[in-house]
Amino acid sequence: MTHPADIAPDDASPLLVWAEDGSPRSGRFGDVYFSKDDGLAETRAVFLQGCGLPDAWSGRSAFTVGELGFGTGLNIVALLDLWRRTRPDGGRLKVFSIEGFPLTREEAARALAAWPELAETAAGLLAVWPAGTPGFHRLDLPQWGATIDLAVGDARWALEQWSGAADAWFLDGFSPALNPGMWSPEILALVAGRSAPGARLATFTVAGAVRRGLSEHGFTVEKKPGHGRKRERLEARMAGQTPPKPAPHVAVVGAGIAGAAVTRALIAEGARVTVIEAERAGAGASGFPASLVTPRLDAGDALIAGFHAQALERAGDLYRALPGAVVAEGVLQLEQAPRDAVRFDKIAAQDLWPEGAMQRLDAAACTERLGEPTPRGGLMMAQALAVRSDAILEPWLAGAERVAGRVTRLEPMAEGWRVCGEGDTVLAEADAVVLAAGWGSAQLAPDLPLSPVAGQADWIEGQTASAPLVPAAWGGYAAPTGRGMLFGATHDRGVDTPEASDEASARNRATLGAALPRRAAEAANAPAGAHGRRAAVRATTPDRLPLCGALAEGLYALTGLGSRGFCVAPLLGEHLAAILTARPSPLTAEAARRLDPRRWTPQPTSDGDVDSLGSSASVT
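What counts and how
Here, residues in each chain are numbered from 1, in the same order as that chain's written sequence. Totals for whole chains, interfaces and linings use all residues, but because this is a predicted model, local features are given only for residues with pLDDT of at least 70 and pairs of side-chain atoms are given and counted only at 80 or more. Side-chain measures were taken over the full set of non-hydrogen atoms in the model, leaving aside hydrogen atoms and water. Helix numbering and strand numbering both begin at the N terminus, where a helix is a DSSP run of H or I of at least 4 residues and a strand a DSSP run of E of at least 2. The reference for a compact globule is 2.2 Å times residues^0.38; the radius of gyration itself is calculated from the C-alpha atoms. Three exposure classes are used, based on accessible area relative to the maximum for each residue type with a 1.4 Å probe and protein chains only: buried under 20%, partly exposed in between, and exposed over 50%. The contact definition used throughout considers only heavy atoms, calling two residues in contact when any of these lie within 4.5 Å. A pair of aromatic rings is counted whenever rings of Phe, Tyr or Trp (Trp by its six-membered ring) have centres within 6.5 Å, and the orientation is called stacked for planes under 30 degrees apart, edge-to-face for over 60 and tilted otherwise. Criterion for a charge above a ring: Lys NZ or Arg CZ within 6 Å of the ring centre, and within 35 degrees of the ring normal. Each residue gets a pLDDT score, which is the predictor's confidence in that residue and runs from 0 to 100. The span you would expect from a helix comes to 1.5 Å times its residue count less one. All axes here are fitted lines through C-alpha atoms, helices being fitted over the stretch that makes contact, and every angle between N-to-C directions spans 0 to 180 degrees. Each angle is binned into one of four classes, with values under 35 degrees roughly parallel, values over 145 roughly antiparallel, values of 65 to 115 roughly perpendicular, and all other values oblique. Under the grouping applied here, Gly and all other residues not named as nonpolar or charged are polar, the nonpolar ones being Ala, Val, Leu, Ile, Met, Phe, Trp, Tyr, Cys and Pro and the charged ones Asp, Glu, Lys and Arg. Whether two strands pair depends on DSSP finding at least two bridges between them.

**Student:** Would you mind going over the overall build of the protein chain with me for this structure?
**Tutor:** Of regular secondary structure, the protein chain possesses 18 helices and 32 strands. Computed over C-alpha atoms, the radius of gyration of the protein chain comes to 26 Å, within 12% of the 25 Å expected from 2.2 N^0.38 for 620 residues, which places it in the range of a compact globule. The burial tally for the protein chain puts 56% of its 620 residues in the buried class. Put simply, of all contacts in the protein chain between residues at least 6 apart along the chain, 71% involve residues at least 24 apart.

**Student:** For this particular structure, what's the right way to read the packing of aromatic side chains?
**Tutor:** Tallied over the full model, the rule gives ten aromatic pairs. With centroids separated by 5.6 Å and ring planes inclined at 75 degrees, the aromatic side chains of Phe-136 and Trp-157 adopt a geometry described as edge-to-face. Of this pair, Phe-136 sits in strand S6 (residues 135-141) while Trp-157 sits in helix H6 (residues 155-161); the two residues are 21 residues apart in sequence, bridging distant segments of the chain. For Trp-157, a relative accessible area of 5% gives the class buried. Of the aromatic side chains, those joined through ring pairs into one cluster are Phe-96, Phe-136, Trp-157, Trp-162 and Trp-169. The ring of Trp-396 has Arg-264 sitting right over it, with the charged end atom 5.5 Å from the ring centre. One cation-aromatic arrangement involves Arg-534 over Phe-288; the distance from NZ or CZ to the ring centre is 4.8 Å.

**Student:** When you look at the confidence of the model for the protein chain in this model, what are you seeing that I'm missing?
**Tutor:** Any region with low pLDDT has predicted coordinates that should not be read closely. On average, the protein chain scores 91 in pLDDT, and the residues at 70 or more come to 92%. Predicted confidence is poor over residues 5-9, with pLDDT under 50, and the contacts of this stretch with residues over four places away or in other chains come to six contacts. Predicted confidence for residues 608-620 stays below pLDDT 50, and this span has 33 contacts to residues more than four positions away or in other chains.

**Student:** Any chance you could explain helix H17 (residues 565-581) here in plain terms?
**Tutor:** An α-helical segment advances 3.6 residues per turn. Residues three or four places apart therefore align on the same side. The end-to-end C-alpha distance of H17 is 23 Å, a good match for the 24 Å that 17 residues give at a rise of 1.5 Å each. The buried fraction of H17 amounts to 16 of the 17 residues, a majority that puts the element mostly inside the structure. One or two steps after H17, the chain reaches Ala-582, where phi turns positive at roughly 60 degrees.

**Student:** Could you clarify how one ought to interpret the packing of helix H4 (residues 105-112) against helix H5 (residues 119-127) in this entry?
**Tutor:** Their axes nearest at 10 Å, the elements H4 and H5 cross at an angle of 170 degrees. For the element pair H4 / H5, the angle class is roughly antiparallel. Taken together, the residues of H5 that come into contact with H4 (itself represented by Arg-105, Ala-108, Ala-109 and Leu-112) are Ala-122, Leu-126 and Ala-127. A breakdown of the residues in the contact of H4 with H5 according to their chemical character gives six nonpolar, no polar and one charged.

**Student:** How do you make sense of the sheet that holds strand S22 (residues 432-435) when you look at a structure like this?
**Tutor:** Whether parallel or antiparallel, the strands of a sheet pair through hydrogen bonds between backbone atoms. With mixed pairing, the six strands of this open sheet are ordered in space as S18-S13-S12-S22-S30-S29. Across the chains shown, the open sheet's two edge strands, defined by having one partner strand only, are strand S18 (401-404) and strand S29 (547-552). Put simply, the sheet's adjacent strands are angled 20 degrees from each other on average, direction ignored. Sheet topology places strand S12 (residues 249-253) next to strand S13 (residues 272-277); five bridges connect them, and they run parallel.

**Student:** Whenever I open this one, the pairing of strand S20 (residues 417-421) confuses me. Can you help?
**Tutor:** A regular strand carries its side chains on alternate faces of the sheet. Here S20 lies mainly inside the structure; four of its five residues are buried. One ladder, built from five bridges, connects strand S19 (residues 407-412) with S20; its direction is antiparallel. Bridge pairing links Leu-410 to Val-419 in S20. Two successive antiparallel strands, S19 and S20, enclose a turn made up of four residues, where Gly-416 displays a positive phi of approximately 100 degrees. Of the strand pairs in this sheet, S20 and strand S21 (residues 426-430) are connected by four bridges, and their pairing is antiparallel. Bridging across to S21, Trp-417 finds its partner in Ala-430.

Listed below in C-alpha cells is the structure:
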C-alpha cells in the first residue's frame, strides 16, 4: 500500500515568492502560476473555451472536470463563475484536481484578489479551502451544485486512486521543461484511462511529447492559436459520447447514522430515496442524546489512519452546517496504558492532521482542561466533536420517503429489488437496496462478518455546578448533550438483545468515577428524575473496520461501524452514493478496497483461482 505521505517530499511548500507586479511564482519549480495582467483571460481562453464550455455541459444533469495543477485555484474559480451563470437546471458539477504543493488559504486569497470580478466566487472557494495535508479532501459548494475533490500528493498516485471519469480535463501543471513528472507518459495514460467517452482536454503546452502521448492514448489532438505571447495551445478530444443515466430509486434499510448519511448523499446526487425504518429514526445505536465524533487512532497503518483523518474532516464540515448539531469541539483522549504515551506521540506527529489538530498534553495540562485531578496525559483532538444525534438524523432523512416496517426478506427482481416485511408485505420496490441497519443487517445478509456488542449509556439532564464539560474518552467517555451529560458505556460482546439495567448503570458510574470523580459525584447527586439510560447494539467486524460497498448486483451495505459511526458514516455514505449514481467517489481506491464488504469472502479471479479482498487487512 502506498500513501501520499510516503511519496510527497518532507517539505510540501511551493516555496511561494511574489513578483513585483503582485503575481505569485513557485520557487520550487521556477515558474509562474499565472500572469497578473492576463491570467484570467488565459484561463478562459485556454481551458474553458478549449474544453467547449459551457456548451459541453448544456442539458447535462452531471458534468465532471479533472485538473492537473490546482495551484491558486484560479482555473476552478473561473470554472465555477461560468457554471454559476450557465448551469443546467438541476445540474451538478464535479471537480477533481491534484496539487503536490498546496498554497495556504491566505496565499490563495492574495493571489485571487487580482480579479475583483471573481470576488464572490473566490470567497466561496476560500471558505472551504482545505488544509494542505496529504490525501483526498472533499470541498462542498451546495449553493452552486458543485463539489470539488482535491487530491494533495503525487499526481500518479492521485490518478491511480481516483474512481471518476472526467468529461473535461485542464492540464495546467508547471511547464514540461520544469516539471516533467506531471507530463510523463504514465500520467497521460492515466488521464486517458479516466476520461469519459467524448471527453475534451485543453492545455497551454504544445510540447511534442505531450501531443504524442495524448494521441497514443486515444485523443484526437489539434493545435490552436495560443493566448497572448504564446503562439499555440492544444485541444484534444476522446471519441464517443457519454449516454445519460437516469437517477436511481434506492431503498435504504435503516434510519440511524449510516442510513441517514447515505440518504443525504443520494438525495444530493439527485436520487430518489425510500427509507425503511423498523422504529423511529435513531432507534438503534444512533439514538443516544449525544455522540462523540472521534477517529480511530492508528500509529502503524497509514491507509486506515488517513481514512479516519479524511472521515473526521468530512464529518465536521457536514455537521457544522446543521443548526444545533455540534455541542462541543475538541475531545480529550486520555492515556489508558503505559504504551499510550509513545503511541500518542507518534499519532500527534503524523502529517495527516492539520497543524494543532492533535496536541499532546501532560497530566497537569489534562487536569487543567478537565477541571479534575488526573495522573494521565492525553491527546487533545481539536477536530473531534460532541454532537446531538437528533439534529443530524432528522434533517438528513427529511428529503426521503419514509416507510415504517421491519424488513424480513430481500427479493431480487428482473430489474431491481423488492423489500418485504412481516406477513410478506411489500415495503418497497427499488432499483437498488442499501443495508444500513447496523446489527439488523446481519439478519438480511447472514454472510456478513458482523458481531453484536451491546452497550448501555447513562445520562443526567440539567446544568451542573461545574464548568462546561470537556468531552473526554479513556475506555469510558463523558460528553455534553447540550442539556446535561452522557457517560458510559458498557461493552458486552455477543449480546444482541440488551435491556437497560441498574447493574450496567453502576458499571458506568464506576467507569466515570475512575477518570472524572467530580463529574461522577455530580451524577450521583442529581435528582432521580434527571437520570436517563438506554441500551443498544453496535455491529462490529473482525478487523474493526466498516463494511461499505456492493454485496451483489444492486445490493449494497453500509454497516459494521462499531463505535465510529458518527465519524465515518458521512464520508462512506458519499462513497456509496457515488457508486450508485456513477459519480466520482471521495474515497481512494485503496481505502474502498480495504472497506469492501466482500473482503472476507474469497473472490474468483480471471484464471479461476480465488483472491481474498481481506488479505491485506490488519488488526491494530
